[in-house]
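So you can see what is in the structure, the chains are spelled out below.
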Amino acid sequence: MVTFDDFDSQAVEYEPVGVKDLLVDMKNSSELLVDLAYSALLHNSDALAEEVLQLEAEIDVLQMQARMNMLMAARSTTDAKQLAPVLGIIGATEKISEAGGEIANVVLGEDDLPMAIRAALPEAMEVLARAELLEESAYADRTLGGINLQTETGVRVIAIRRGEEWTLDPDFDTRLHGGDILLLRGAEDNVATVYETATGEGFEVPGPRETEITDLSRAVDTIVLMKNVSELSVDLAYGSVLFDDEELAAEVHALEVEVDGLQARLEAWTLRAAKDVEDPVSLRGLLRLASSTELISDAALEITEGVLRDIDTHPVIAESVRESDAAVRRVSVEPDSRFDEATVQAVLDAQSGISVIAIHGTDDEWAFYPDADQRLHAGDALIVRGTWAATEQLLASLGR
C-alpha cells in the first residue's frame, strides 16, 4: 500500500526531458506493468509482484516529469488543444500503474486468493520469470545478440532492471551484466533451462494454492480472460492514437464493454462461492482484481479520447508511439477476400513477422491468441501485431 512516506522518499525535480521520450518510456512501462502484474497473479510469484511495485514507482516519476514538461511546452491555444490528449495519456498511464500495483498487492498482501491458480493454467500459456544474473553465468558480459538467446532457446528477455534503471526494449546489442534482473518469457521448460544458466539455481514453479472451492475453472478462465483483455486494450489504445484510427479506438470501447461483463462475472462467481468457504472475507482479493481490471480498461479508453473526439493528434504523440518496435493494427475480413473462410494460418502465411493476437467476431465475441487452424469469416476484425514493415505490408496488400 502506498503511503505518504513513499512520496517523501521520491522527490521529483524538473528536468528538461523531451516529452516524446517520456511518453515512450511511459507507454513501454505501462504495457510491461500490466503483463507483469497478471503474470505475478497467475504464477503466484512474489518476486514478479515486487518487480511490479518497482516499475510502478518508476512510472510515478515519469508521469510527474511529463506533466512538468507539458506545462512548459504549451505556448498557444493551439498547443493547448493538441496537447490536452497528451495529458489524458499521462493520467491514463498513471491509472494503469495504480491498477497494476493493486494486483501486485493482492499477490503480496493478506487477501489470499483461495484458488489453485497455477495448477489450472492452460498448458500452452507462456510463463514469465524473474532471474538475477550471476557474475559467473555464461550469459554475463555478453550481448543478447551474441548469446542468440531467443533463436537458441525460444526465450525472450522482455526487460532488464539494473539497480533502479530499466531497459524495456532490449535488443541484440544490449549487454548483460552480473546483478541484472532479467524478465524472461517463453515456454516453461525453455524458461527453466535459461533460468538455471542465468542464476545457477533450478526454476521452481510455485505450487497450487489450497482451495475449498470446487468449481475453480470458472474463476481461472475469467482471470486469464481479464489478463488478455487488459493487455490488448492498452495495445489498441496506443495504436489508435498513433494512426489516428477510429476503428481501433472503437475496438478499445468494445473491449471495455467486455471487461464490464468479466467484472460482473467474477463478482457474481465470488458471491456464489462465499457460501462454500469457511471465511468469505478471504474472497476479497477477487473483488480487488475485478476492480483493478476495470480501472485498466477505463484508462485504455481514456487514451483514445483525443481520437474519439476528433482532436488533431499532436506530432509528439505519434512520434512517441512510433518509437516502439512493434505495431498493432486492425484488419477487416472482407466478403470473398482471400481470408474469407480461410484459417488464421493464411494470415500468418501471407506476411512474415505477423501474429494474430485477437479476433473480434461478427457475433461480438472475442477470441484471444487464436490457434492457427481457427477459421475466419467475412465481417471478422483481426487484431494483428508485428514489426512496422510487416504490418504496413499486410495492410498494403489488402488495399488499405
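This write-up is about the structure you can find in this document. These numbers were taken from a predicted model, which means no experiment stands behind them.

Rules used in this analysis
- Residues numbered from 1 in each chain as written.
- Predicted model: local features only at pLDDT ≥ 70, side-chain atom pairs only at ≥ 80, totals over all residues.
- Heavy atoms only, no water.
- Helix = DSSP H or I, 4+ residues; strand = E, 2+ residues; numbered from the N terminus.
- Buried < 20%, exposed > 50% of the residue type's maximum accessible area, 1.4 Å probe, protein only.
- Contact = heavy atoms within 4.5 Å.
- Pairing = 2+ DSSP bridges.
- Axes fitted to C-alpha atoms, helices over the stretch in contact; angles between N-to-C directions.
- Phe/Tyr/Trp six-rings, centres within 6.5 Å; stacked < 30°, edge-to-face > 60°.
- Lys NZ or Arg CZ within 6 Å of the ring centre and 35° of its normal.
- Core = buried A, V, L, I, M, F, W, Y, C linked by side-chain atoms within 4.5 Å.

1. A closer look at the overall build of the protein chain
Piece 1. Helix and strand content of the protein chain: 14 helices and eight strands.
Piece 2. Across the 400 residues of the protein chain, 50% fall into the buried class.
Piece 3. Of all intrachain contacts in the protein chain linking residues separated by at least 6 positions in sequence, the fraction that spans at least 24 positions is 79%.

2. Some details on the sheet that holds strand β4 (residues 181–186)
Piece 1. Ordered by their spatial adjacency, four strands build an open sheet running β1-β4-β2-β3, and the pairing between neighbours is antiparallel. Each end of this open sheet is capped by a strand with a single partner; those strands are β1 (127–132) and β3 (165–167). Along the sheet, successive strands turn relative to each other by an average axial angle of 20°, direction set aside.
Piece 2. Here five bridges tie strand β2 (residues 156–162) to β4, and the two strands are oriented antiparallel to one another. In the sheet register, Arg161 faces β4, and the bridge partner there is Ile181.
Piece 3. Along the sheet, helix α7 (residues 188–199) makes contact with β1 and β4, crossing β1 at roughly 5°.

3. Quick word on the pairing of strand β6 (residues 354–360)
Two faces belong to every sheet, and in a regular strand the side chains alternate between them.
Piece 1. For β6, the buried fraction is high: six of the seven residues fall into the buried class.
Piece 2. Looking at chain direction, β6 and strand β7 (residues 366–368) are connected through three bridges and run antiparallel. The residue bridging Ala358 from the neighbouring strand is Phe368, located in β7.
Piece 3. Once β6 ends, the chain turns through five residues before running back antiparallel as β7, passing Asp364 with a positive phi of about 70°.

4. Considerations on the pairing of β4
Piece 1. Burial of β4 is extensive: six of the six residues sit out of reach of the surface.
Piece 2. Alternating residues of β4 divide into Ile181, Leu183 and Arg185 and Leu182, Leu184 and Gly186, and every residue in both groups is buried.
Piece 3. By the bridge criterion, six bridges tie β1 to β4 in an arrangement that is antiparallel. Directly across from Ala129, in β4, lies its bridge partner Leu184.

5. Side note on the packing of aromatic side chains
Piece 1. Overall, the coordinates contain two aromatic pairs when judged by the stated rule.
Piece 2. Consider the rings of Trp366 and Phe368, whose centres lie 5.9 Å apart with planes at 5°: the pair is stacked. The burial state of Trp366 is the same as that of Phe368; both residues are buried.
Piece 3. Seen from the ring of Tyr238, Lys27 lies directly overhead, with NZ or CZ sitting 5.6 Å from the centre.

6. Description of the nonpolar core
Piece 1. One finds Leu32, Leu183 and Leu232 to be the most contacted residues of the largest nonpolar core, which totals 73 residues.
Piece 2. Counting residues per element, this core draws most heavily on helix α2 (residues 19–42), at 12 residues.
Piece 3. Excluding residues that lie within four positions of it along the chain, Leu183 makes contacts with Leu32, Leu36, Leu48, Glu51, Leu128, Ala129, Arg130, Arg156, Val157, Ile158, Ala159 and Trp166.
Piece 4. Counting 19 residues, the second-largest nonpolar core is a separate cluster that includes Ala129, Ile147, Val194 and Ala198.

7. Notes on the environment of Gly379
Piece 1. By the element assignment, Gly379 lies in the loop between β7 and β8 (381–387).
Piece 2. Taking the C-alpha atoms as reference points, Gly379 and Thr362, separated by 17 residues in sequence, lie 5.7 Å from one another.
Piece 3. When sequence neighbours within four positions are dropped, the list of residues in contact with Gly379 reads Val333, His360 and Thr362.

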